[in-house]
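Residue-level listing of the chains:
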Amino acid sequence: MIFQDYVFYALAAILLFAGVRVITTRNPVHATLFLVLAFFTAAGIWLLLEAEFLAIALVLVYVGAVMVLFLFVVMMLDINLDKMREGFWNALPVALPVGLLMAGEMVMILGSKHFSPDMLSTPAPRPAGYSNTAEIGRQLYTDYLLPFELASVVLLVAIVAAIALTLRERKDSKFMDPAEQVKVKRADRVRIVSMPAEKEILPTPEPAVEKK
């Protein structure tokens, strides 16, 4: 084993520990901090895989912006933990099959050809002038264009759903019923009013008087 292998196993152990603590800790602030630790260790693993752009983007975007926002929101909200834990086991019949399905998908992905011993070997040296950022952009907008666009649509739907769920119980918010909007007709929104034309009468100019 070389030095990079020791670094990988150390970062992988920290990442697994942080991921488990995110879902097992009772304090939401601690869960957010453990998620920040998981992002940092994942960025370290990406550096070992020579994916410098992804590592920097993970630290700057998620740790520097998204997780800081999450932390401020969690600290400002008055979360009633006892009320959140009520009815936890009632969701088990739905949560257990979903969890098993996700675990099965992860096992299928980890056992595929993308994680074979040949794929996990040391990457070949890159030629001079190789750009990791340019290669990611080429892959996103050529081979993975459809999944990339589908992910953007999913994020857009999530944003709309989050706004709708936030404003649904506020009395001062404007509410729109999609069913009523679909049934609307032109006569309900547009009214044509017949108005007589008005002509502006200009005053007749007086004739000029010649002075003697």
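Residues numbered from 1 in each chain as written. Predicted model: local features only at pLDDT ≥ 70, side-chain atom pairs only at ≥ 80, totals over all residues. Heavy atoms only, no water.

Draft legend 1. Structural context of the UniProt feature "transmembrane region" (unreviewed entry) in the chain. Mapped onto the present numbering, the UniProt feature "transmembrane region" (unreviewed entry) falls at residues 6-24, 31-49, 55-77, 89-111 and 144-167. Secondary structure over residues 6-24 splits into 100% helix and 0% strand, and the C-alpha atoms at its two ends are 27 Å apart. Secondary structure content for residues 31-49 is 95% helix and 0% strand, while the C-alpha to C-alpha distance between its ends is 27 Å. (UniProt positions renumbered as here; feature names shortened; annotations may be inferred. Helix = DSSP H or I, 4+ residues; strand = E, 2+ residues; numbered from the N terminus.)

Draft legend 2. Quick look at the confidence of the model for the chain. Averaged over the chain, the pLDDT score is 80; the fraction of residues at 70 or greater is 82%. Model confidence for the chain, summarised as mean pLDDT per element, is weakest for helix α4 (residues 81-85) at 66 and strongest for helix α1 (residues 3-24) at 90. (pLDDT = per-residue confidence, 0-100.)

Draft legend 3. Here's a closer look at the packing of α1 against helix α2 (residues 28-48). Relative to each other, α1 and α2 sit at 155 degrees, their axes nearing to 8 Å. If you check the angle between α1 and α2, you find them roughly antiparallel. Taken as a pair, α1 and α2 cross one another with a handedness that is left-handed. On α2, the residues touching Gln4, Val7, Phe8, Leu11, Ala12, Ile14, Leu15, Phe17, Ala18, Arg21 and Val22 of α1 are Ala31, Phe34, Leu35, Leu37, Ala38, Thr41, Ala42, Gly44, Ile45 and Leu48. Split by residue class, the contact of α1 with α2 holds 17 nonpolar, three polar and one charged. (Axes fitted to C-alpha atoms, helices over the stretch in contact; angles between N-to-C directions. Parallel < 35°, antiparallel > 145°, perpendicular 65-115°, else oblique. Left-handed = near helix turned anticlockwise from the far one by under 90°. Contact = heavy atoms within 4.5 Å. Nonpolar A, V, L, I, M, F, W, Y, C, P; charged D, E, K, R; others polar.)

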